[in-house]
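Chain residues, written in single-letter form:
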Amino acid sequence: MVDAGLEAERLVCCFDPHASLVQGESEHLVISPRWGRLRRNHPLLASAPHAQDPVRAWLAAKENLLTCRDRSIQLAIATYEHRIRMNVCFTMEELTDGSFDLHEHCHSVLDRCSGERQAVTLRRDTFWIRSLAPDPDGYVHFEIGNVFLIPITEQAIEAESRTMLGG
């Protein structure tokens, strides 16, 4: 099972390795220097009241990042998107086993593949699965995929900063 709060934190930190959780006077704050530089305003990504778990701040930060309409933010995310598409196959016995969860299994296969690049799922709900024709040996085939965010390196962030500053 995926920890949504941890995944949100990992996604925000892929976008900005310097993003951090700060205890404000009455809330938890997720601060991202890179977000602030790109948007040219205060680098706060999200906040959540102290009464809520700090996980709520990370989840809000992820939502703010992914729904931001600022073109520079969208471009940064699109530049580091990594699409993973793969084929998996199973026997009919595996598929009909009551303890087997195809959806969960396919997510874990994609997560393992993305883990090789330290990538994080951008949106878990964009996962797709498509059935393919079975083969003569009796295996049922599926094509699966999703989009992941590869960590944006310090060098890339510095190069982007120089470009934005005009030199």
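Residues numbered from 1 in each chain as written. Predicted model: local features only at pLDDT ≥ 70, side-chain atom pairs only at ≥ 80, totals over all residues. Heavy atoms only, no water.

Visitor: I keep staring at the packing of helix H1 (residues 4-15) against helix H3 (residues 54-67) and nothing clicks. Help me out?
Guide: Each packed pair of helices is defined by two parameters, the angle between the axes and the distance between the axes. At a minimum axis distance of 8 Å, the contact between H1 and H3 shows a crossing angle of 50°. In terms of orientation, H1 and H3 fall into the oblique class. Seen from above, H1 lies across H3 with left-handed handedness. On H3, the residues that touch Ala-4, Gly-5, Glu-7, Ala-8, Glu-9, Leu-11, Val-12, Cys-13 and Phe-15 of H1 are Val-55, Trp-58, Leu-59, Ala-61, Lys-62, Leu-65 and Leu-66. Taken together, the residues of the contact of H1 with H3 sort by class into 12 nonpolar, one polar and three charged. (Axes fitted to C-alpha atoms, helices over the stretch in contact; angles between N-to-C directions. Helix = DSSP H or I, 4+ residues; strand = E, 2+ residues; numbered from the N terminus. Parallel < 35°, antiparallel > 145°, perpendicular 65-115°, else oblique. Left-handed = near helix turned anticlockwise from the far one by under 90°. Contact = heavy atoms within 4.5 Å. Nonpolar A, V, L, I, M, F, W, Y, C, P; charged D, E, K, R; others polar.)

Visitor: Honestly, the side chain of His-107 in this entry has me stumped. Any pointers?
Guide: By the secondary structure assignment, His-107 is in helix H6 (residues 102-115). Not counting residues within four places of it along the chain, the set of residues in contact with His-107 comprises Arg-124, Phe-127 and Asn-146.

Visitor: Just to check I follow, could you spell out helix H4 (residues 71-79) for this structure?
Guide: Burial in H4 covers these residues: Ile-73, Ala-76 and Ile-77. Projection of H4 onto a plane perpendicular to its axis shows the buried side chains occupying an angular sector of 95°, all on one side. Away from its buried face, by an angle of more than 90 degrees, H4 presents the exposed residues Arg-71 and Thr-79. (Buried < 20%, exposed > 50% of the residue type's maximum accessible area, 1.4 Å probe, protein only. Arc of directions from axis to C-beta.)

Visitor: Would you explain the pattern of salt bridges in this entry?
Guide: Pairing between side chains of opposite charge can happen when their charged atoms approach one another. Counting across every chain of the model gives eight salt bridges. Put simply, Arg-83 and Glu-81 hold a salt bridge, and the shortest N to O gap is 3.4 Å. With relative accessibility at 61%, the residue Arg-83 sits in the exposed group. For Glu-81, a relative accessible area of 29% translates into the label partly exposed. Among the salt bridges present, the one from Arg-85 reaches Glu-143, with a minimum N-O distance of 2.7 Å. Of the two residues, Arg-85 is situated in strand S4 (residues 81-91) and Glu-143 in strand S7 (residues 139-149); the sequence distance between them amounts to 58 residues. Residue class for Glu-143 comes out buried when judged on its relative accessible area of 8%. Within the structure, one salt-bridge network assembled from shared partners comprises Glu-7, Asp-111 and Arg-124. (Salt bridge = Lys/Arg side-chain N within 4 Å of Asp/Glu carboxyl O.)

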